[in-house]
Amino acid sequence: VLTNAAISACSQVGNWEAVLGILEDAPRHSVSPDIISYNLAMGACCNGRQWERVLSLVNDLQQVKGRKDFATFNVTLHACVQGGQWELGLACLNEMLALDLQPTWTMYNLGILLSRGKLWQLGLSYLEDMWSRLVMPDVTTYASTVEAMTAMTD
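Undergrad: Got a minute to help me understand the overall build of the protein chain in this structure?
TA: Regarding its fold elements, the protein chain presents nine helices and zero strands. Reading the helices (α) and strands (β) of the protein chain from amino to carboxyl end gives α-α-α-α-α-α-α-α-α. Dimensions along the principal axes, computed over C-alpha positions, put the protein chain at roughly 55 × 30 × 25 Å. Going through the 154 residues of the protein chain one by one, you find that 41% of them count as buried.

Below is the structure:
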């Protein structure tokens, strides 16, 4: 609990370096970081535009805890968009859907944006999936879909 409080405090002031230090030092103090610790650290790194570190933490989390949750997928998807990692971002969203976790409209919008160009049909399938899961698209959803479809002509 104290580890997560310290990580959260450092994250709130934008100190992602300190967050990583706390996470790294925790085992030396006989503390085992939990999924919340990792998610908080990933969020701090994402807010600090450190998308590569987010992806590294996702790998660490999977090795240590063997699972991801909604927050993990959310921050991973945002980091993939930041880093232009469209393949990883789409894989993240598809994994989330396969696990039957309910993405938000924002997460779908990011997936649609990542599918622009040659994968525009995937973006359309995300739009269709939104409707089937009763996630209401917004203006950004439709704008992202149009952008994904028009990018194929660029």
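We are not done yet, so read on.
Undergrad: What am I meant to see in the nonpolar core here?
TA: Generally speaking, nonpolar side chains in soluble globular proteins are found buried as a group. Within the largest apolar cluster, 19 residues are counted, with the highest numbers of intra-cluster contacts made by V19, L23, Y38, M42, C45, V54 and L57. For this core, the elements supplying multiple residues, two or more each, are helix 1 (2–12), helix 2 (16–25), helix 3 (35–47), helix 4 (51–65) and helix 5 (70–82). For this core, the leading source of residues is helix 3, giving seven residues. Look past the residues within four positions of L57 in its chain and what remains in contact with it is L20, L23, Y38, A41, M42 and C45. L90, L97, I112 and M130 belong to the second largest nonpolar core, which has 17 residues in total.

Undergrad: Help me understand the side chain of N4 in this model?
TA: Of note, N4 is situated in helix 1. Polar contacts involving the side chain of N4 include one to the side chain of D34, which spans 3.3 Å. Apart from residues lying up to four places away in sequence, N4 is in contact with D34, I36, S37 and L40.

Undergrad: Quick question: what am I supposed to make of helix 5 here?
TA: In an α-helix, one turn spans 3.6 residues; hence positions three or four apart end up facing the same way. End to end, helix 5 covers 19 Å across 13 residues, agreeing with the expected 18 Å (1.5 Å per residue, within 8%). Among the residues making up helix 5, those that are buried are T72, F73, V75, T76, L77, A79 and C80. The opening residue of helix 5, the one whose side-chain oxygen lies 3.2 Å from the backbone nitrogen of A71, is D69.

Undergrad: I'm lost on unusual backbone geometry in this one. Help?
TA: Excluding glycine, residues mostly have negative phi values, and the peptide bonds linking residues are mostly trans. Backbone geometry at R49 places phi at a positive 60°, although glycine is not the residue there. Within the element layout of this structure, R49 appears in the loop between helix 3 and helix 4.

Undergrad: Which parts of the structure should I look at to understand the environment of P33?
TA: Checked against the element boundaries, P33 lands in the loop between helix 2 and helix 3. Taking the C-alpha atoms as reference points, P33 and A91, 58 residues apart in sequence, are found 26 Å from one another. In this structure P33 touches L23, A26, Y38 and K65, once residues within four positions along its chain are discounted.

Undergrad: Looking at this structure, how should I read the state of the cysteines?
TA: Such a bond, covalent and formed between the sulfur atoms of two cysteines, is termed a disulfide. Within this structure, the stated rule accounts for zero disulfides. Here C45 stays unpaired: no disulfide links it, and the sulfur of C46, its closest cysteine neighbor, is 8.7 Å away. Cysteine C92 shares no disulfide, and the gap to the nearest cysteine sulfur, in C80, comes to 6.0 Å.

Undergrad: Could you clarify how one ought to interpret the packing of helix 2 against helix 3 in this entry?
TA: Helices that pack against each other are described as a pair by the angle of their axes relative to one another and the distance between those axes. In contact at an axis separation of 9 Å, helix 2 and helix 3 are set at 155° when each is read in the N-to-C sense. As the angle between them shows, helix 2 and helix 3 are arranged roughly antiparallel. Here helix 2 and helix 3 pass one another in a crossing that is left-handed. Facing helix 2, whose interface residues are W16, V19, L20 and L23, helix 3 presents S37, Y38, A41, A44 and C45. A breakdown of the residues in the contact of helix 2 with helix 3 according to their chemical character gives eight nonpolar, one polar and no charged.

So, how was this worked out
- Residues numbered from 1 in each chain as written.
- Predicted model: local features only at pLDDT ≥ 70, side-chain atom pairs only at ≥ 80, totals over all residues.
- Heavy atoms only, no water.
- Helix = DSSP H or I, 4+ residues; strand = E, 2+ residues; numbered from the N terminus.
- Buried < 20%, exposed > 50% of the residue type's maximum accessible area, 1.4 Å probe, protein only.
- Core = buried A, V, L, I, M, F, W, Y, C linked by side-chain atoms within 4.5 Å.
- Contact = heavy atoms within 4.5 Å.
- Polar contact = N/O pair within 3.5 Å; in protein donor to acceptor, adjacent residues only side chain to side chain.
- Expected span 1.5 Å × (residues − 1).
- Disulfide = S-S within 2.5 Å.
- Axes fitted to C-alpha atoms, helices over the stretch in contact; angles between N-to-C directions.
- Parallel < 35°, antiparallel > 145°, perpendicular 65-115°, else oblique.
- Left-handed = near helix turned anticlockwise from the far one by under 90°.
- Nonpolar A, V, L, I, M, F, W, Y, C, P; charged D, E, K, R; others polar.

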